[in-house]
Amino acid sequence: MRVLVVEDERNLADAIARGLRKRGMAVDVAYDGDAGHEAAFVTRYDVVVLDRDLPGVHGDQICADLAASGALTRVLMLTASGTVADRVEGLQLGADDYLPKPFAFDELVARVQALGRRATPAAPPVLELADLVLDPARRVATRAGVPMDLTNKEFGVLSELLKARGAVVSSEELLERVWDANTDPFTTIVRVTVMTLRKKLGDPPLIETVVGAGYRTAEVRA
């Protein structure tokens, strides 16, 4: 899942980003409304965690512009004011959810995960291919009933390939969906991650390379 945190309180923004990354999400951070507005329309995010009172472009404007664009991006609006009137106003602007400060971090994570599920085309709660079973909610992967020890990035790549259901997914798409904006676009990290993932998955192979195009799940014959 790709998340953008737009929050001018740097310590809070960085804490949110660190916590979400520990949950396996790819997270970018913007510390003011101008940077947040630009980022939200340059990259396709699943969820934007958006402070309402921002310097530069106001959070309300970012929210309204995202809603008007028709993007699938979901908005979780944060604010220091949690009155009913404020929540109603935020939702009317196009926010999908509203969380007053201070908040419990576990609740923020749960809300981001719920919004992320709504930001992408519906996929089965458990992804399967042959004897491979991937449970994104519990972040558990097994093959032939044996648990697999996957890194967050390996889990993310495997999840994206399984969700594509045999369609080719390019390295650029994987880089955008699994890594954050600080990753060098010319890096070989996707190729290396796929290589180590193949080794962990074992035989018969479940990932194919489509030369010049990307990767896809293999057709496994019984």
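Residues numbered from 1 in each chain as written. Predicted model: local features only at pLDDT ≥ 70, side-chain atom pairs only at ≥ 80, totals over all residues. Heavy atoms only, no water.

Under an unreviewed UniProt entry, the name given to the chain is DNA-binding response OmpR family regulator, and the source organism is Micromonospora violae.

Draft legend 1. Broad picture of helix α2 (residues 33-42). Turning to α2, its buried residues are Gly33, Gly36, Ala39 and Ala40. The buried residues of α2 occupy an angular sector of 130 degrees when projected down its axis, which confines them to one face. Away from its buried face by more than 90 degrees, α2 exposes Glu38 and Val42. Where the residues of α2 are buried, they touch β1 (2-6), β2 (26-30) and α3 (59-69). Regarding α2, its N-cap is Asp32, as a side-chain oxygen of that residue lies 3.0 Å from the backbone nitrogen of Asp34 further along. (Buried < 20%, exposed > 50% of the residue type's maximum accessible area, 1.4 Å probe, protein only. Helix = DSSP H or I, 4+ residues; strand = E, 2+ residues; numbered from the N terminus. Arc of directions from axis to C-beta. Contact = heavy atoms within 4.5 Å. Polar contact = N/O pair within 3.5 Å; in protein donor to acceptor, adjacent residues only side chain to side chain.)

Draft legend 2. Structural detail: the domain arrangement of the chain. Partitioning the chain into structural domains gives domain 1 (2-119) and domain 2 (127-217). A C-alpha centroid distance of 27 Å is found between domain 1 and domain 2. In this assembly, 11 residues from domain 1 lie in contact with 9 residues from domain 2. Across the domain 1/domain 2 interface, buried area totals approximately 820 Å², and carbon plus sulfur atoms make up 33% of it. (Domains from an automatic or database assignment. Buried area = accessible area lost by both parts, 1.4 Å probe.)

Draft legend 3. Representation of the nonpolar core within the structure. Counting 24 residues, the largest nonpolar core has Val157, Leu158 and Leu201 as its most contacted members. Put simply, the parts of the chain that give this core at least two residues each are β6 (127-129), β7 (132-135), α6 (152-164), α7 (171-178) and α8 (189-201). With 5 residues, the top contributor of residues to this core is α6. The residues contacting Val157, other than those within four sequence positions of it, are Leu174, Val178, Trp179, Thr193, Val194 and Leu197. If you look at the next biggest cluster of nonpolar residues, it comprises 18 residues, including Ala13, Val27, Val47 and Val49. (Core = buried A, V, L, I, M, F, W, Y, C linked by side-chain atoms within 4.5 Å.)

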